[in-house]
Each structure stands twice: as structure tokens, then as C-alpha cells.
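Coordinate inspection notes
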2 protein chains.
Amino acid sequence: MEGIKSYISENKSRLLSELFDLLRIPSISSIESHKPDMYKAADMWVNILKDAGADKADIYETAGNPIVFAQKIINPLLPTVLVYAHMDVMPVDPIELWDSPPFEPIIKDGRIYARGADDDKGQGFMHAKAFEFMVKTNQLPCNVKFLIEGEEEIGSVNLPQFCEENKEMLKSDVILVSDTSMIAPGIPSITTGLRGLAYWQVEVTGPNRDLHSGLFGGAVGNPINVLAKMIAQMTDEDGKITVPGFYDDVIEVDAEERKRMSQAPFDEERYKRAIGVEELAGEKGFATTERTGIRPSFDVCGIWGGYTGEGAKTVLPSKAFAKISSRLVPNQDHHKIADLFKAHFESIAPKSVQVKVDILHGGQGYVCPIDLPEYKAAEMAIDKVYSRKPVPVRSGGSIPIISTFEEILGVKSILLGFGLEADAIHSPNENFPLEQFFTGIETIPYFYKNYAELKK
Amino acid sequence: MEGIKSYISENKSRLLSELFDLLRIPSISSIESHKPDMYKAADMWVNILKDAGADKADIYETAGNPIVFAQKIINPLLPTVLVYAHMDVMPVDPIELWDSPPFEPIIKDGRIYARGADDDKGQGFMHAKAFEFMVKTNQLPCNVKFLIEGEEEIGSVNLPQFCEENKEMLKSDVILVSDTSMIAPGIPSITTGLRGLAYWQVEVTGPNRDLHSGLFGGAVGNPINVLAKMIAQMTDEDGKITVPGFYDDVIEVDAEERKRMSQAPFDEERYKRAIGVEELAGEKGFATTERTGIRPSFDVCGIWGGYTGEGAKTVLPSKAFAKISSRLVPNQDHHKIADLFKAHFESIAPKSVQVKVDILHGGQGYVCPIDLPEYKAAEMAIDKVYSRKPVPVRSGGSIPIISTFEEILGVKSILLGFGLEADAIHSPNENFPLEQFFTGIETIPYFYKNYAELKK
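Along each chain, numbering runs from 1 in the same order as the chain's sequence is written. Chains and ligands are labelled sequentially in the order written, the chains with letters from A and the ligands with numbers from 1. Thresholds applied to this predicted model are a pLDDT of at least 70 for local features of residues and 80 or more for the giving and counting of side-chain atom pairs; totals over whole chains, interfaces and linings are not thresholded and use all residues. The basis for every side-chain value is the complete set of non-hydrogen atoms in the structure, without hydrogens or water.

Quick word on the overall build of chain A
Segments assigned H or I by DSSP are reported as helices when at least four residues long, segments assigned E as strands when at least two residues long, and all are numbered from the N terminus. Tallying secondary structure elements over chain A gives 12 helices and 18 strands in all. Only the C-alpha atoms count toward the radius of gyration. The rule for a globule is 2.2 Å times the residue count to the power 0.38. Taking 456 residues into account, the globule formula puts the C-alpha radius of gyration at 23 Å, and chain A, at 23 Å, falls close to it. Reported as C-alpha extents along the three principal axes, the dimensions of chain A are approximately 80 × 50 × 45 Å. Here chain A, with 456 residues, has 63% of them falling under the buried criterion. Working rule for contacts: check all heavy atoms of both residues, and any pair within 4.5 Å makes them a contact. Considering only contacts within chain A whose residues lie at least 6 apart along the sequence, 79% involve residues at least 24 apart. Using a 1.4 Å probe, the Shrake-Rupley method yields the accessible areas, and only the shown protein chains count as cover for residues. In the structure as shown, chain A presents an accessible area of about 16500 Å², 50% of it carried by carbon and sulfur atoms. Positive residues here are Lys and Arg, negative ones are Asp and Glu, while His and the chain termini are left out of the count. For charged residues, the charge sits on one atom: NZ in Lys, CZ in Arg, CG in Asp, CD in Glu. Separation of charge centres in chain A, based on 48 positive and 66 negative side chains, amounts to 1 Å. Remark: exposure states derive from per-residue accessible area (1.4 Å probe, protein chains only) relative to the maximum for the residue type, with buried under 20%, exposed over 50%, and partly exposed in between.

A look at the nonpolar core
For the purposes of this section, nonpolar cores are sets of buried Ala, Val, Leu, Ile, Met, Phe, Trp, Tyr and Cys residues that join through side-chain atoms within 4.5 Å. Leu49(B), Phe405(B), Phe447(B) and Tyr448(B) are the most contacted members of the largest nonpolar core, which totals 91 residues. What Phe447(B) contacts, discounting residues up to four positions off in sequence, is Val81(B), Val174(B), Leu176(B), Glu374(B), Ala377(B), Ala378(B), Ala381(B) and Ile414(B). Formed by 90 residues, the second largest nonpolar core is a distinct cluster that contains Ala57(A), Ile401(A), Phe447(A) and Tyr451(A).

A word on the pattern of salt bridges
Residues and elements named next belong to chain A. Salt bridges are defined as contacts in which a side-chain nitrogen from Lys or Arg sits within 4 Å of a carboxyl oxygen from Asp or Glu. Evaluated as defined, the whole model comprises 50 salt bridges over all chains. Notably, a salt bridge pairs arginine 24 with aspartate 21, separated by 2.8 Å at the nearest N-O pair. The class for arginine 24 is partly exposed, based on a relative accessible area of 42%. Relative accessible area serves as the criterion here: at 36%, aspartate 21 is assigned to the partly exposed category. Note that aspartate 358 and lysine 356 form a salt bridge whose closest N and O atoms lie 4.0 Å from each other. Overall, the relative accessible area of 42% leaves lysine 356 in the partly exposed class. Beyond isolated ion pairs, a larger network of salt bridges with shared partners links Arg14, Glu18, Lys129 and Glu132.

Focus: the sheet that holds strand β13 (residues 319–328) of chain B
Only strands joined by at least two bridges in the DSSP assignment are considered to pair. Read from one edge to the other, the open sheet built from eight strands follows the order β14(A)-β9(A)-β13(A)-β11(A)-β11(B)-β13(B)-β9(B)-β14(B), with strand pairing classed as antiparallel. Only two strands of the sheet have a single partner each, and these edge strands are β14 (354–363) of chain A together with β14 (354–363) of chain B. Averaged over all neighbouring strand pairs, the angle between strand axes comes to 15°, with direction disregarded. Bridge count between strand β9 (residues 196–205) of chain A and strand β13 (residues 319–328) of chain A: 10 bridges; the pairing is antiparallel. The residue bridging Thr205(A) from the neighbouring strand is Lys319(A), located in β13(A). Fitted lines through C-alpha atoms give the axes, limited to the stretch in contact for helices. The angle between two N-to-C directions lies from 0 to 180 degrees.

Focus: helix α3 (residues 121–136) of chain A
Since the α-helix advances by 3.6 residues per turn, residues separated by three or four positions end up pointing in the same direction. Residue and element names in this part refer to chain A. By this rule the span expected of a helix is its residue count minus one, scaled by 1.5 Å. The end-to-end C-alpha distance of α3, which contains 16 residues, comes to 22 Å, matching closely the 22 Å that a straight helix rising 1.5 Å per residue would cover. The buried fraction of α3 is high, at 15 of 16 residues. Taken from the residues just after α3, asparagine 138 is the one with a positive phi, measuring 55°.

Overview of the relation of the copies chain B and chain A
The atoms used to superpose the copies are C-alpha atoms, taken from residues with pLDDT of at least 70 in both, and the fit is least squares. Superposition of chain B onto chain A requires a rotation of 180° combined with a translation of 0.0 Å along the rotation axis, giving an RMSD of 0.0 Å. This pairing of chains is accounted for by a two-fold axis. In this assembly the copies share their binding face: 98% of the residues contributing to the interface of chain B also contribute to that of chain A.

Observations regarding the interface of chain B and chain A
Taken together, the contact between chain B and chain A spans 90 residues of the former and 88 residues of the latter. Here chain B and chain A share zero salt bridges between them. No other element matches the eight residues that strand β11 (residues 299–306) of chain B contributes to the side of chain B that touches chain A. Throughout, the ten residues Ala, Val, Leu, Ile, Met, Phe, Trp, Tyr, Cys and Pro are labelled nonpolar, Asp, Glu, Lys and Arg are labelled charged, and all others, Gly among them, are labelled polar. Classifying every residue of the side of chain B that touches chain A gives 36 nonpolar, 33 polar and 21 charged. Pairing of strand β11 (residues 299–306) of chain A with β11(B), which is carried by five bridges, proceeds in the antiparallel orientation. By the bridge assignment for β11(B), Gly306(A) is matched with Gly302(B).

Regarding the UniProt feature "domain: Peptidase M20 dimerisation" (unreviewed entry) in chain A
UniProt positions are given in the numbering used here, feature names are shortened, and annotations may be inferred rather than shown by experiment. Under the UniProt annotation, the feature "domain: Peptidase M20 dimerisation" (unreviewed entry) is placed at residues 192–351 of chain A. With 29% helix and 22% strand, the stretch residues 192–351 of chain A has end C-alpha atoms that lie 46 Å from each other.

Re the state of the cysteines
A pair of sulfur atoms, both from cysteines and within 2.5 Å, is called a disulfide here. Inspection of every chain in the model, using the stated rule, returns zero disulfides over all chains. The thiol of Cys368(A) is not disulfide-bonded; the next cysteine sulfur, from Cys142(A), is found 17 Å away.

Here we look at the pairing of strand β7 (residues 174–177) of chain A
Residues and elements named next belong to chain A. Here β7 shows two buried faces, one formed by Val174 and Leu176 and the other by Ile175 and Val177. By the bridge criterion, four bridges tie strand β3 (residues 80–86) to β7 in an arrangement that is parallel. Note that in β7 the partner of valine 81 across the bridge is valine 174. Sheet topology places β7 next to strand β17 (residues 413–415); three bridges connect them, and they run parallel. Residue pairing across strands places valine 177 opposite leucine 415, the latter belonging to β17.

Quick word on the domain arrangement of chain A
All names here are of chain A. Note that domain bounds follow an automatic or database assignment of domains. As far as domains go, chain A holds domain 1 (4–194 + 365–454) and domain 2 (196–250 + 296–363). Taking the mean C-alpha position of each, domain 1 and domain 2 sit 35 Å from one another. The interface of domain 1 with domain 2 comprises 11 residues on the first partner and seven residues on the second. Summing both partners gives a buried area of about 650 Å² for domain 1 against domain 2, and 56% of it is carried by carbon and sulfur. Among the residues of domain 1 in contact with domain 2, Gly365, Ser398 and Pro400 are the three that bury the most area, contributing 53% of the side total. At the boundary of domain 1 and domain 2, one finds zero salt bridges. Accessible surface is computed with a 1.4 Å probe, and the buried area is the amount of it that two parts give up when combined, taken over both parts together.

Put into C-alpha cells, the structure is as follows:
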């Protein structure tokens, strides 16, 4: 891939300026009022891909947010790489914890700060620019397709149907995705496993209105007290999830593989310091990386109810709510788990309250074997740029659509992520190091080169 | 008390119009930005009491909200009644549940709707108007003092010091308060017991920032999960509070008194229907009215943490909070209970989180024997107007200052409340029936008459 380094250095300010335009769009998919921003982002992606050299780039409507599809077919007999990315971002609350406005990107200490700087505008944009380089220097060795969706952060609700309806258009040999992280700046890794996800919202209703906690307190079921007790019952003292049947489909990872996993570099003291906790906590009998990599989790993502303002209001509230999610491991079906939780949670509710469980979204887990040519192509690309083989890693995160791609399109995905743990994705002050951004653009063309050669 | 009925009917629209002016002031004591409204309310109270016939009526500064004191001394040798009321009101959240704006009073179906319509502007105002009647018709049989504070809903923080510093000015033989409810419209009652209160805010901190629930979920202590477990542990399966030492000073009410209490009219099915619950819940071994009247309670008044917006944000939050209160029975010291809870709650925190407990406010419980002349005066006043003796009731509510009055001023309070359960105090759509308002004004002068005679 001749000239990639100099291409990047000559175009640095343009590349950043284009990315910043994309980052300025507050395309938050979970908030309905940001829908127009999703169309702005889609328009911009169409232009980015056309300018980069796509033969065609169009917006496709779905029942939800739009999808951008683009392609450049140089020879139907050559293999085809489908690049997947997403243009939507997470909400920005708590906004007061941001040091600079989330949709006004700035560079500070060698990092780009903005919501989406890493996840996934920054990482997605690297692919557009790597593609641009290969087209402009006539080095594209295979066909390329781009699929940019707008609902990843809300569970890719409409993408499966889009895949079903456009199988031919999306036909490819491998899907390439940068929406994950590396172990550390100097330690490249490729994500070979992802956890699935089930996500619920629960609503506990006690009395039909907020009551005076003095006049009624002690005689009426308090929905917050009850919700706390119900949540507390969901995990036992060993950190195991107590929903009956929850672990039925979990494939226990064998001692051999757990041993290999334990050899990946991981500094638990540094990890604790980075997140500011004195002790870690999780399922008994598993190490930290196992707890996130090969075991399911149970986390309350949000809770609210009663009086939450300033001072002391004495009230026995009518309602309490929680947003709850479980990360699932491959082979656990998120539909089944969602139903198991819903049935169990509703069944343990005392008669003093009404409980409603809504299943908000979900996704299946994913595993990619490391002996596939598509994995090898990525491994060699990393090796070329970093002079070091990547570590295959099972991530605790979920990209629900990856397993769906395999199911519907029959294609494996390569998760070639350039994020870092410190990027604070989904959190205030999300950022993406300039070095990762530019190294990503540098690495990607080698994947194409290697893959085209391996598939010859 | 000649002419009270006709006085009320001739002045009906003026009385309501004056009350509405008071109700329009959003004097919410727990929200700092409403401080100017507290001064507006104080100014209005000064004018109300001067116009009603007070010799003097002034605003007194405290470290917090102002206090209004007024008096009319007709003869230093006659007994003195001190009327206590409060001009502050509760917050109005959740505002969306109000059918009409909380600070724009309206009359609908024979009820005044507004925040404070009952608690305690409406009830306090009855005393001003009863006083006005007695002065204007030359029937005031004793001296009257008025003490109107602005911090009742936040625990009367500065009133104890004010009492300490103004013992002579506040000197009286009985304190008369209308800040409680009657059993039902046709069943008058006098509150002879009040619960004390301890109120805490707890903060649980896990990681130093919101984390991605996929990358970290399962390995890092989630402050909401932890808070739920900690709250769940505070009560056992019998509804007993588990804080060590919590019940040490609770005086068990004897079988004889419990039997008498059980004869007070109480329709549990109607009670459940009124608040819309299928089953009640509380401490095992006690009836509903006992659970609120003679037993302490443990209620989470508010909880919040993590993502509480629209949709599904996958986050492992940094912090979770709760506002927690216990109603206490007479002889439980709120300082002691506050400290016991704080120590216990902090002690059970796992090392994966940091826990902070702030004691927000508290108050002692109170009991008034029913054989005192001040009680008899109230009983006879009720009997005169309702043709029925009031039922002595132990309320579950707290008026922290009542026990403080006894401690500092050495005077018993008579809790002559005209509120009704359906008045929704502290809740959306607070209201006060016109009939209760006018009957209150009618009843109060008889208390003065009876009391002056009994004390002769």
C-alpha cells in the first residue's frame, strides 16, 4: 500500500475538518426529537462516500432511522468487503460532566473530544478515508460496499429487515467493522467475541398517587422499597443471576481456553485505578476479564422514582422505574432471556404493587474463529503497521447486529477496532486519540491487500 | 359565639379571595430559589393579622426563612392561646400530574385546588379569620398570639432557636394548631399523637465515571445494584426495620389501648380502594392504623441514578442516590435514630463502592393526654358544631416542631385539624373542601370560649 503514510500526513487537516463536520451533528438515536439530525448525518455520509470514490451512495428509508448504502464494484469476480459502521450516537447526559460541549469537537492533549469521536463516527470515518486513499491511488484490490446505519445504539431495530430485503445488494465475503477497542495503545487486539444483550424497563406502581409518607408510611407498599427488594433478589451473594433458567444455554469455556485468556496482558491494579474503585466485584470463581468476556452480567442502567429534587420531601411515591440490562454470552438467546426475566420479575412482585416489564431491545452474542482467512488478513495488517501480532480478545460489549449479519447474510465480521479504554465511549468527555485515528486509516488498506491475496 | 355562622356566610367571597391571594404565592421552602416568595408570604401574613385585629404583627429574620409573629393582648391576667401555622408549602413535582396549575387556586366540585390549600395555608388562614370574627364582634375571651413559620416542610430548622430566644414573647398556656386531618367528613377527630421523623440522603459511588455496561458489566460494582441491595436489607420479611437498636426506645402500646384504637371507625376496603392498591403491606402483627399510628416506618421517598431518559442507554453508572425517611414513635429520639441508621448503612457497604449518608432533618414524636383542659376545650368545640364528640387519634404524620414546643416552651399543643384524607396534601391536586374550611372557622371560636371558661 504505497504512499498511505504520506497521504495521511499531507491531508491531515482536511481529514480532521471533515470528521469534525460529522461530529457536529447531534445524531442521538434514542431521542425522537433528534430524528432530523439523523438525516443530516445520512446526507453527509452519502457525500463523504461519493467524494471518496463510491460508484453509488444512497439513503434508504426504514421504519425508523435511515440507512446509507454505497459501493464501488471494480470487478464482480473479485471478493467484496462490506464495511459496516453507524452514524448514530449515545445521549450526552449527564451533560454537566462534559468539559466541553459534546457536539463542538475540539482537540486537546492529542485527542479529539466529542460525542461519537470514537463510537462510531471517528472509527467509521477511518474506513471512508482508507477507501478514498485506495481509490485515488488506484490500489483498491477488491470490491467495497458501505453500510452505515442509524440505530446501533438502540439495538439496530430495523437493520435485520433491511438485510433480509436487500441480501443481493449486501452480498459480500466479509464484513469489516471498527466499533471496538484495542487492549492498550501499544498492544493491538482484534475482538473475536461479543456479548449479547437484553434490555428491559420495569415500572412498579404502588398507590394511585404520591402519598404523605407520614399518614400512610408503614401501612402501604412503597414502590421504591419494593423495586429495591426485587432488584436485590436478581443476584445472589456469589454474584450469580437468580432468574431461573438464565444460565441454561451458557457454554462453559474450558480450562484450556481460560488459561490462554489469562495470559493476555491485564493489569488489575491499573484497571482499578483507572476507574477509581478500591475493589472490583462480580461473579465468584471468575477473573475480571472472564467476568466481562465469557460470563453474562446484570446491571441496572438507570433508576428513578419519588422526589429527586433539592431538600427533603416526605413522600410515599406512586411509582418507581428502572432500566435494566443483561449482557449475554454466545449461545444465550436474547429473546429467551428477555422472556425469562420478564416472567420471573413479574412473578416475584408482592401484591401490594403492580409490576410491568417492557422488553426494550436485545442482540445475540458472536464468536469469530481465529483461523479464518478474514481473521488472518486483519492479523497481518496489524502486524505490518504495529510490528506486533494482535491479541484475539473476547469483548464484554455487544454489537447486536454482528450476529444478525451472520444469521441473515451468512458472513463473518472482523472487528478491527482502534478505540482505547480511556476513550470514555457512552460517557461524558468521549474522545479518540489522533494517533489511533490516523493509525487506523493506515492499517485498513493492508487488510484489503492481504484479504484479496489470501482469497486469490 | 354569637353570629359566627352569619359572619361566615356574609363574608364568604371575601374570605376566599383573601385566601386565594395567599395560595398564589409559590412559597416552597425546600427550593432555595423560592426564598423571595417566602418573604411575599410573610408580608401577606402580617397584613392579614393586622387587618384581623392584631395589636402588632412583625416579620422576624432567622438564619433561614422569616417568621411572622403577631399578638393581641386584651388582659395579661387572662389565659393566652398561641396559634401556630406555617406559610411554606411542599414542592409541586410531578407537575404534569396536576389538573390545574398548583399556584392558580380554583374551586371545583366544592373544593379549593392549590398547593397549600389544606397544608397549611388553608388551615392556617381559618385561624386568622376566626380571630377576625372574635375581634370584630368583641367576643375575644382571652389573649391570642400567632406564630407563622416558613420552614415546616423542611423540618422547622430555625424555629427551635427562635423559641429559645423568644420564650417571653411566645409565652402562652396552650398552642393551637390546625395542620392535621379528621378521620372523615362526618367523623371529627383530634390528633393526640404524632410520629417523629428522621430523613437521610444517601449517595453510593462506584466507578469515577459512567462506564460502558458491556465493556465493564459483570466486573465492576454497579452503584444502583448495590444501593438496591442495601435498601433491601433495611427491612426484613416481616416488615421490621433491621437497623441494630432501632426499636430499643419504642414503647410497646399495651393490649388495652390497642383494643380501644381498634374500635375507631376504619374501613380497610375503602382505604385500599381510595389509594388504588390490591393489598396493604407493613409490619407483621400490627393492624393498618397501628402501623401508621404506633409503629415506626421506613420509606424511600426518592431514588435516582444512571440513565433515566427515553429509550435504552447501556451504562454502568458512577453514582446512585436515595432520599430515605423513617417515621418514629414517641420516645424514639430522632438524633439517635439518625446516627444509628447512618452508622449501619455505611457499615454494610461493600468495598466496591463508597457510601455517604447525610442527615437532612428530623423531629421528635408527640403525645397529648385527653384529660387536659386544653383537650376538653377542643372536644367541646367540636361537639358544639358537629353534635358529636371527636375521636382521639394517633396520626402517622410528623410535625417536628410540636414536641419542640413542649420541650422549649413547656406548653402542650392541641391538634385541631380540619383536613381530610382525600385532600392529597404533599401530592398533585392538593385540595381543601370548602365545607371543611368554613366549618373550621366556625369551630375555632368555641375553643377560645371553652378554654377561657375552663381556665377561670
